[in-house]
2 protein chains.
Amino acid sequence: MSHEPVVAIAGVTGAVGAEFIATMDRRGFPVRKLKALASARSAGKTIDFRGEKIVIEELTEKSFEGVDIALFSAGAGTSRKFSPAAVRAGAVVIDNSSAFRMDPNVPLVIPEINAARIREHNGIIAVPNCSAITALVPLWPIHKANRIKRVILSTYQAASGGGAAVMQELVESTRAYLDGRPFSPKVIQHPYAFNLFSHNTAIDPETGYNDEETKVIKETRKIFEDDKIAIGVTCVRVPVLRAHCEAITFECENPITEDDVRAILSKAPGVRIVDDRAKNYFPMPIDASGQDDVLVGRIRKDLSDASGHSISMFVSADQLLKGAALNAIQIAELLPQRAMA
Amino acid sequence: MSHEPVVAIAGVTGAVGAEFIATMDRRGFPVRKLKALASARSAGKTIDFRGEKIVIEELTEKSFEGVDIALFSAGAGTSRKFSPAAVRAGAVVIDNSSAFRMDPNVPLVIPEINAARIREHNGIIAVPNCSAITALVPLWPIHKANRIKRVILSTYQAASGGGAAVMQELVESTRAYLDGRPFSPKVIQHPYAFNLFSHNTAIDPETGYNDEETKVIKETRKIFEDDKIAIGVTCVRVPVLRAHCEAITFECENPITEDDVRAILSKAPGVRIVDDRAKNYFPMPIDASGQDDVLVGRIRKDLSDASGHSISMFVSADQLLKGAALNAIQIAELLPQRAMA
């Protein structure tokens, strides 16, 4: 058992932190020892891991001694501050934040797409943005078969993308609304109960695109290794708890039919087709929640493109799983360090 | 006062029925007498109108004697069944349902776009689908200035589009969810609390488009009197109570900039620009609710079209007002019958 890795989780008390643990358990990921790291506020509390109580330690630069794999999900600032120490200590960092995604020395990996890039890491491997992952898992096998030139997508993003505090705000503000009580938003600028709003990341004053949208565009190009793919994207936060949806229209270099897309996606890893026209049953957040696959449905010709090069579809994926924790654990499973430790 | 019209409302107990009355009040629409019509189930109950209690009568073919204007919002079946009797009795029917919208003898009217068509009616004037109205009020003045060739839009539709029962289901299922109680969907096939789903209208098994989407495509072409405009549309129901949102990307015949669009929309009737990048403040259902205008924001270049012909934007409008009751009352205000009665 000595070749099993020592794993640290930085941000163990967050929404993704909890899913790191649940996902490792569910997939039987071998762990010699787990180090549970969080801010000073949570130090001393415990979490349950495989029948043990593990005491949460404060995340510091000294936290990574003897650690083989460090899973980070505590925001870009924390990743920037503590990842170098983890790498110096010999750990491989799998980072769920945006801190290093566009760094040319850091592989940006969705295992279904570019697992081979994992071997090129210099200590850090980045997990892409959740909206990018949700779109790209089904788009990649299509792109390989018939290059995608243009994508227009609109997101329907869940509270979980903002973390546990945003999920809590959605629940509490909705309860207050139903009880007729006033509620002052705490972590989200806008009222959230039965409301939706443009994604709550900063807007580039010049382009008018928010950071979430810019991430989708840049990360797609890096992961697909295609600088020319044209992407228009609108990111919207909806009052849903934990799975993202996206309405996607894409145009291919050569003609493509909905049957072509169905044939490609029926064999695609990480994809499940949910597309029952007779029953009006398509991907929904409630069905994607807790699932590993990206659900894909509403596969149909884009009626705005008479040339027959464009398809529209609707997808849903668990933002905390494939959009974050699962993608990270899939990367960890492919690390040579896992066996070498 | 004898030239003031006698007005009948068919479907007075519905979500739109209530807004017909509130909108007439708010706009000081003159009414000699109001006939409140509904199904037998509601007959004998009363509603308040300008300080009077009005007894609800059962809607029958005999309901329209002496009626000048009949506002219908009780579903397409009811409109098909009772409109002919209303027309025979000399009333002008303003119909909020889909029953007659595509009938070449029936004007399909958004007053900001094609008020002149009102005069061509043969007894029935149709109010367009709410998703179409929400998109077309801001798209029309752009289309007039620089023909729109192609539109791709995704909707974020509120419960109100399905009527009062769907709004109630959203509230009740959400309350049950928060209380940890089971809830069996009654009027919507899917769980609605913190969930979203593809629009709950029938799907064409061949094309894969649902009725709501087909309406948006066909009605846009009829209202714009442009059979060539190419439209791709995805209609989605979200857990919001009463205002629809839409992410819209459109391509014009000639180059267009976001400043062009802002200049056009700042003078457009029925449109209010809500587009504050610094404050991250854009159209939201909570702000559109109870408002007459279509709110338009996120006006920006579509980054997927390098040619400079495409713009993306995000809009929100009160589905019960501009999407239904207000549009109908605006039509009524323009009727010659109003003065002739």
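Structural notes, computed from the coordinates. (Residues numbered from 1 in each chain as written. Chains lettered and ligands numbered in written order. Predicted model: local features only at pLDDT ≥ 70, side-chain atom pairs only at ≥ 80, totals over all residues. Heavy atoms only, no water.)

All names here are of chain B. For strand β9 (residues 148-156), the tally of buried residues reaches eight of nine residues, placing the bulk of the element in the interior. As paired strands, β9 and strand β13 (residues 243-252) are joined by eight bridges and run antiparallel to one another. Counterpart to R150 in the pairing with β13 is E251. As judged from the five bridges shared by β9 and strand β11 (residues 230-234), these two strands associate in the parallel manner. Opposite I152, over in β11, you have G232 as the bridge partner. (Buried < 20%, exposed > 50% of the residue type's maximum accessible area, 1.4 Å probe, protein only. Helix = DSSP H or I, 4+ residues; strand = E, 2+ residues; numbered from the N terminus. Pairing = 2+ DSSP bridges.)

Residues and elements named next belong to chain A. Taken together, six strands build an open sheet; the order of strands is β5-β2-β1-β6-β7-β8 and the sheet is parallel. Two strands bound the open sheet, and with one partner strand each, they are β5 (57-58) and β8 (124-126). In this sheet, β5 lies alongside strand β2 (residues 33-38) in parallel orientation, the contact comprising two bridges. Counterpart to A38 in the pairing with β5 is E58. Packing of helix α2 (residues 76-88) onto the sheet brings it into contact with β6 (69-72), β7 (92-95) and β8, and relative to β6 it is tilted by some 180°. (Contact = heavy atoms within 4.5 Å. Axes fitted to C-alpha atoms, helices over the stretch in contact; angles between N-to-C directions.)

We now examine the relation of the copies chain B and chain A. Mapping chain B onto chain A calls for a rotation angle of 180° and an axial translation of 0.0 Å; the resulting RMSD is 0.0 Å. What we have between these two chains is a two-fold relation. In this assembly the copies share their binding face: 100% of the residues contributing to the interface of chain B also contribute to that of chain A. (Least-squares fit on C-alpha atoms with pLDDT ≥ 70 in both.)

Our focus in this paragraph is the packing of helix α1 (residues 15-26) of chain B against helix α9 (residues 321-333) of chain B. Residues and elements named next belong to chain B. Remark: α1 packs on α9, axes separated minimally by 9 Å, with the N-to-C direction vectors making an angle of 50°. Compared by their axis directions, α1 and α9 come out oblique. Where α1 crosses over α9, the handedness of that crossing is right-handed. Of α9, the residues touching α1 (which contributes V16, E19, F20, T23, M24 and R26) are L321, A324, A325, L326, A328 and I329. Residue composition of the contact of α1 with α9, by class: nine nonpolar, one polar and two charged. (Parallel < 35°, antiparallel > 145°, perpendicular 65-115°, else oblique. Left-handed = near helix turned anticlockwise from the far one by under 90°. Nonpolar A, V, L, I, M, F, W, Y, C, P; charged D, E, K, R; others polar.)

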